[in-house]
Amino acid sequence: MSLSADLLDRLRRIRLFALDVDGVLTDGRLYFQADGVEIKAFHTQDGHGLKLLKRAGISVALITGRDSPMVSQRAAALGIPHVYQGCEDKLAALRGLCQRLDLDLSQVAYCGDDLPDLASIKRSGVGITVPNAPDYMHTHADWVTERLGGHGAVREICDTLLDAQGHWGAVVDTYLHG
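Residues numbered from 1 in each chain as written. Predicted model: local features only at pLDDT ≥ 70, side-chain atom pairs only at ≥ 80, totals over all residues. Heavy atoms only, no water.

K.L.:
I'd like a description of the sheet that holds strand S4 (residues 59–63), backed by residues and values.
P.N.:
The strands that make up a sheet are held in pairs by hydrogen bonds between backbone atoms, and each pair lies either parallel or antiparallel. The 6 strands are arranged S5-S4-S1-S6-S7-S8 in an open sheet whose pairing can be described as parallel. Of all strands in the sheet, those with a lone pairing partner are strand S5 (82–84) and strand S8 (143–144), marking the two edges. Two strands pair when backbone bridges link them, and strand S1 (residues 16–19) and S4 are joined in this way by 4 bridges, in the parallel orientation. In the sheet register, leucine 19 faces S4, and the bridge partner there is leucine 62. Sheet contacts for helix H7 (residues 153–164): S1, strand S6 (108–111), strand S7 (126–129) and S8; angle to S1, the most-contacted strand, approximately 170°. (Pairing = 2+ DSSP bridges. Helix = DSSP H or I, 4+ residues; strand = E, 2+ residues; numbered from the N terminus. Contact = heavy atoms within 4.5 Å. Axes fitted to C-alpha atoms, helices over the stretch in contact; angles between N-to-C directions.)

K.L.:
Can you explain the packing of helix H2 (residues 44–55) against H7? Please cite residues and give values.
P.N.:
At a minimum axis separation of 7 Å, H2 and H7 run at an interaxial angle of 25°. Between H2 and H7, the interaxial angle falls into the category roughly parallel. For the pair H2 and H7, the crossing hand works out as left-handed. When H2 is examined against H7, the residues Gln45, Asp46, His48, Gly49, Leu50, Leu52 and Leu53 are found in contact with a partner set consisting of Ala153, Val154, Arg155, Cys158, Leu161 and Leu162. Residue composition of the contact of H2 with H7, by class: 8 nonpolar, 3 polar and 2 charged. (Parallel < 35°, antiparallel > 145°, perpendicular 65-115°, else oblique. Left-handed = near helix turned anticlockwise from the far one by under 90°. Nonpolar A, V, L, I, M, F, W, Y, C, P; charged D, E, K, R; others polar.)

K.L.:
Quick rundown of the side chain of aspartate 22? Include the residues and the values.
P.N.:
Looking at the secondary structure, you find aspartate 22 in the loop between S1 and strand S2 (31–32). Residue class for aspartate 22 comes out buried when judged on its relative accessible area of 12%. Within the structure, the side chain of aspartate 22 is placed 2.5 Å from the side chain of lysine 40, a separation counted as a polar contact. Once residues lying within four places of it in the same chain are set aside, the contact partners of aspartate 22 are Gly28, Leu30, Lys40, Thr64, Arg66 and Asp113. (Buried < 20%, exposed > 50% of the residue type's maximum accessible area, 1.4 Å probe, protein only. Polar contact = N/O pair within 3.5 Å; in protein donor to acceptor, adjacent residues only side chain to side chain.)

K.L.:
How would you summarise the nonpolar core if you had to cite specific residues and measurements?
P.N.:
One finds Phe17, Leu19, Leu50, Leu53 and Leu94 to be the most contacted residues of the largest nonpolar core, which totals 52 residues. Counting residues per element, this core draws most heavily on H7, which supplies 7 residues. Here leucine 53 is in contact with Phe17, Ile58, Val60, Cys158, Leu161 and Leu162, once residues within four sequence places are set aside. (Core = buried A, V, L, I, M, F, W, Y, C linked by side-chain atoms within 4.5 Å.)

As structure tokens, this is what we get:
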């Protein structure tokens, strides 16, 4: 994948990666058991990528329009402290989090896949979407991942952020040499 020099420069300034859940961390499909319990499938490589970001000092936030115990469980398992569920105004939540973390929106990479994410994508330092998002989302994003939401798109973003910020070599060395 080849990113422009401008985009790489903006990726170097990112201190917070915020993302939607359904359609980004999942494939966007909703699964319900007969008893009404919701089930979500998360890609393990995405989760590991988010952990690597946190180790490199990049904060992670989940901002989703739905309310789901599965999101709370996944966030807890990954150690993600910033979780906003049932969020109708994602940009307001993102701005509030930036204020609490003393960050500017230019220091945020945001990934979403549908209209509720559009304002956050447009106003963040790097706005990202996934190939399975509607085409009109692609026209507003700075970057469309190669991998689909729920199928490694988040890991692709994490690895690219780590590489752009000069952390990738240390990550690999950790796993090669302990």
